[in-house]
Every structure is written in structure tokens, then in C-alpha cells.
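Each chain, written out:
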Amino acid sequence: MINVKLFDMYLPTRIVSGEKCVISQSGYFSNLGKRCMILTSGNSAELCGALTDIKKAFKKENIEYILFDELVENPTLLTSYKAGEIARNYKADYLLAVGGGSVIDGTKAAAVFASMNFEKPEEIYSKTITKCLNIAVISTTAGTGSEIGNVIVLTEDSNGIKRVVVSNEMFPKVAFYDYRYTMTMPIRLTVATGLDALCHCVESWFSTNATELSNLLAMRGTELTYSCLKKIADGEFNPNDEELRRNQHYGSLYGGMAIALSGTGFPHPAGYILTENASIPHGVACAFFETVFLEHSIKYVNNYEKQKFLEIVESLEDFKTTMKILLKNNITMSLKACEDMENRVSDANNTKRTLGGYIPNTVKKEAKKMFLKENQKEKVLGNWTFGDGE
């Protein structure tokens, strides 16, 4: 007898995919209004070709727009607040995020700030979000999943701490997927976002919240993203490889859908310490703890799930080898940082989704094994070094 776990699914974002879909399906922009604020980071939207297509689409639909290009990696609370105030004053009908996870998260926060009145920006963490400007997204990386999610991660300006906000009001109305916009990603960004997508797939698959549907998405996402990362680890990266770009882009989509259903695991809060203290890219920071997560979790899944995973990665040893290559680093951590990481994990909702229950000090032990430097005063030193200079 096959047991099917019941689920309650809410994924309200329309997903539009295909080459030049931004132009061919431009009517979805008009459905949201005629005044738009585009949010991006620097000139990234222009370099990847997305901005050119947007201008064509907006001309076709007679949509007015302004551009806000100040969002950065790990978006800060105050920058998002500033963007929201500009959108409010412009009387934007909707916001269009063009970029990766940081741009998308910053845009979601800006959409809230443009719609709700807060005495202080920090109230976004404590107040119930009751309204939000409509959001459209054009994903130009392949890892975040934020384009179809209701979660944002913001960085505190004062101390660099990451904080999470969750609200169904922040689900984007429409997300456009055209892998061509990822063709300009250099090898390090390709790996960093690919690792993020892989972590989403694996952590949602091996979760107490996993369902038959989330597992189908996670399986396919793992297959697509891992094949790309394995190729890169084997030294076969070609920036013009359309198959690799397409597979990673859609693997990211499936991973985003999977975590919207079943969430992420303890590698995510563990990774925040590395990102906050040493600016390690989010996907890379999480991936350092993916192997220990798998070694624990795979013991609690049925034989079918275990075999499906091992078919994709060939063996746990092959998986470890691939991750070791991609996670090359010279990072060192203090004992205090290892303890802070364990405390962050222990208090996180992500950890409650651990199959078989989280074993206390798992992350602390792993962090010490990988990074501990005795008598180091600074919390985290060093960096992720894979692909440096390429």
C-alpha cells in the first residue's frame, strides 16, 4: 500500500516561461497597471538583456516607468524602505523586480513599505502585513526561488543580522522565466546560485513537511541542478552552454516551488552566520552544511526516496566530492562563532522540520570540523575561493 501525505497548497504566482516571454506575454504587465517602478542592482538588468526586452514590452503596452537600481546583495532594511517611499511618491501601480534573490526580496519589502504606513521601518518585522503593492518578477539568476515565494530575508543596517519576514501578501503576481538572462553569469555566480537551488531541493525533499507533490518537484529540481553543478565541478563549465543554463534555471524554479510547500532545513539558518560576518554568498553558506544534513536525514526516508536520490548523485561519496570541489575555501571561525551558529540553528523554525529530530550540537560540531581556528578573536575570516580569477 502506498501512503500519500495530504497537503494544503497555495502558490498564487502565475509562471510564464520561454525565450522572449517578456515581450510575447507583455499583456501580463498591463494587467497590473500602467505605472511601474523597476527595481534592480546597478546595471545588471541591462547587461543580461532583460532591460532591453522590458523597454520593448512596456512600449508595446504603453506603460510608464521609473528605475531604482540601488538594491544590493543581501538587501538592507533602509534601502528597501527608501525604494518603497519612492514607489509611493511615484504612485506606482506595481513593482517589477529584475534580478536574483536579493533584488526580489528587496522589491517585496519595498512593495510593503509603499502600501503600509509604519512609524519605523523595523515594524515590518512585528506588524501583520495586510497589503502590498502588486509585484512582477523577472529572474536573471538561477537559484533563489523567491520569485514564487512569500518569504523575504532582510539585513539589519546597524548590525548586519539577517531577519525573515513571511506573508502571503508578498507572493508575486507573475514571474517570467527566460534562461537567456542567465547566460552572462560568471562561473562563481553560476555556482553560488546553483548551490542555493540545490539546497532548496534537497532540504524540501528531506523534510517533515514534505508531501508527494513537493517531493516530485524536489526530485526533478535536484536532478537538474546537480547535473549542472557536477559538470562545473568536473571542469566542464562553458558559459555559452544553453542546456546547462536552461536546466539550472528550471531546477531553480522547481526548488522554489518545493520550498513554498515544505520549507528549508537547518543548513539555511546555519549559513546566515557566514553571510553576515564574511559576506559568503547565501547559497554557498548554506551548502557547507548540506552534507551533514543529508547524512542525518537520509536515514529517515523510505527506500524509494533514498534510491531516487542516490540515482541522481550516484553515491553519497560522489556528492561529498562534488561539494568539496565547489566549496573550496580558506574560511576560519572562532569558537564563539561556532556556538552562535548552533544557537541560531536551535532557535530556527527550519530546524523543527528535521527528519528524526535535530540532534543538538550537530552544526557546531560540523562548523568546528570545517572552520575552527583556536584563539581566533574575529568571528569569521577568509572567503569562498572556488573560481577565483575566472
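Just above sits the structure.
Below you will find a few notes about this structure. For clarity, every value in this text was computed on a predicted model and none was experimentally measured.

A closer look at the packing of aromatic side chains
At step 1: Applying the stated criterion across every chain yields a total of 16 aromatic pairs.
At step 2: For the pair F29 and F58, a centre-to-centre distance of 5.2 Å together with 80° between the ring planes defines the contact as edge-to-face. Residue F29 is located in helix 2 (residues 27-30), and its partner F58 is located in helix 4 (residues 50-61); the two are separated by 29 residues in the primary sequence.
At step 3: For F29, a relative accessible area of 0% corresponds to the buried category.
At step 4: Note on F58: relative accessible area 1%, which makes it buried.

Notes on unusual backbone geometry
At step 1: The residue K91 is not glycine, and still its phi comes out positive at about 60°.
At step 2: Relative to the helices and strands, K91 is located in the loop between helix 5 (77-90) and strand 4 (94-99).
At step 3: Since its relative accessible area comes to 62%, K91 is described here as exposed.
At step 4: Phi angles above zero are rare outside glycine, and N375 is one such case at about 70°.
At step 5: By secondary structure assignment, the location of N375 is in the loop between helix 16 (362-371) and strand 10 (380-381).

So, the environment of G357
At step 1: Relative to the helices and strands, G357 resides in the loop between helix 15 (335-346) and helix 16.
At step 2: In this structure G357 comes out as partly exposed when scored by relative accessible area, which is 32%.
At step 3: Separated by 338 residues in sequence, G357 and E19 have C-alpha atoms that sit 43 Å apart.

Topic: the side chain of T225
At step 1: Relative to the helices and strands, T225 is located in helix 8 (residues 212-233).
At step 2: Setting aside anything within four residues of it in sequence, one finds T225 in contact with G194, A197, L198, Q248, G251 and S252.

Parameters at a glance
Residues numbered from 1 in each chain as written. Predicted model: local features only at pLDDT ≥ 70, side-chain atom pairs only at ≥ 80, totals over all residues. Heavy atoms only, no water. Phe/Tyr/Trp six-rings, centres within 6.5 Å; stacked < 30°, edge-to-face > 60°. Helix = DSSP H or I, 4+ residues; strand = E, 2+ residues; numbered from the N terminus. Buried < 20%, exposed > 50% of the residue type's maximum accessible area, 1.4 Å probe, protein only. Contact = heavy atoms within 4.5 Å.

Geometry only, nothing functional implied.
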